[in-house]
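Overview (structure and organization)
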Amino acid sequence: QVQLVESGGGLVQPGGSLRLSCAASGSIGSFNTMDWYRQAPGKERDLVARITSRGGINYADSVKDRFTISRDNAKNTVYLHMKSLKPEATAVYYCNLRNYSPFSNTWGQGTQVTVSS
């Protein structure tokens, strides 16, 4: 069983920066993806960034050049560094880990990010 614990959310002014962390524990396969999603009030949960265990990275168009995803495989931790934050980035941010062998799909509890002056 896999567990995810997120941290790093909070209140930040427009133009500011935050770094989110997601630590995984449990049965983590060698081939997996670790993603960050976000869900704003009244909206669907959308993919923000993805990083594979082999280092492949994808970003949503809306965050390219401002958000950076990275991972520390030794610590089973994924990070999301967010800069030049805009009010529309306000949402609950969720970490997701998908193992492919054995298959499992696990969500974190979410961390609130609020961008406001």
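Preceding this paragraph is the structure being described.
Below, the structure is looked at part by part.

At the junction of Ser-101 and Pro-102, the peptide bond is cis and its omega measures out at -5° in the coordinates. Within the secondary structure, Pro-102 sits in the loop between strand E9 (91-100) and strand E10 (103-107). In the Ramachandran plot, Asp-65 falls in the positive-phi region, its phi being about 75° despite a non-glycine side chain. Relative to the elements of secondary structure, Asp-65 occurs in the loop between strand E6 (57-59) and strand E7 (67-72). For Asp-65, a relative accessible area of 72% gives the class exposed. Backbone geometry places Ser-84, a non-glycine residue, at a positive phi of 50°. Tracing the chain through its elements places Ser-84 in the loop between strand E8 (77-82) and E9.

To continue, consider the pairing of strand E11 (residues 111-115). Here E11 shows a clear split, with Thr-111, Val-113 and Val-115 buried on one side and none of Gln-112 and Thr-114 buried on the other. With three bridges connecting them, strand E2 (residues 10-12) and E11 associate as parallel partners. Counterpart to Val-12 in the pairing with E11 is Val-115. Relative to E11, E9 runs antiparallel, the two being bridged by three bridges. Looking at E11, one finds that Val-92 is bridged to Gln-112.

Our focus in this paragraph is the side chain of Asp-35. Structurally, the position occupied by Asp-35 is in strand E4 (residues 32-39). Since its relative accessible area comes to 2%, Asp-35 is described here as buried. Discounting residues that sit within four places of it in the chain, Asp-35 has contacts with Leu-47, Ala-49, Arg-50, Ile-51, Tyr-94, Cys-95 and Asn-96.

Linking two cysteines covalently through their sulfur atoms gives a disulfide. Using the criterion set out here, one finds one disulfide in the structure. At a sulfur-sulfur separation of 2.1 Å, the disulfide partner of Cys-22 is Cys-95. Taking the torsion about the S-S bond as the criterion, the Cys-22 to Cys-95 disulfide, at about -85°, is left-handed. Here Cys-22, found in strand E3 (residues 18-26), pairs with Cys-95, found in strand E9; they are 73 residues apart in sequence, far enough to count as distant. The pair Cys-22 / Cys-95 is uniform in exposure class, with both members buried.

What counts and how
Residues numbered from 1 in each chain as written. Predicted model: local features only at pLDDT ≥ 70, side-chain atom pairs only at ≥ 80, totals over all residues. Heavy atoms only, no water. Helix = DSSP H or I, 4+ residues; strand = E, 2+ residues; numbered from the N terminus. Buried < 20%, exposed > 50% of the residue type's maximum accessible area, 1.4 Å probe, protein only. Pairing = 2+ DSSP bridges. Contact = heavy atoms within 4.5 Å. Disulfide = S-S within 2.5 Å.

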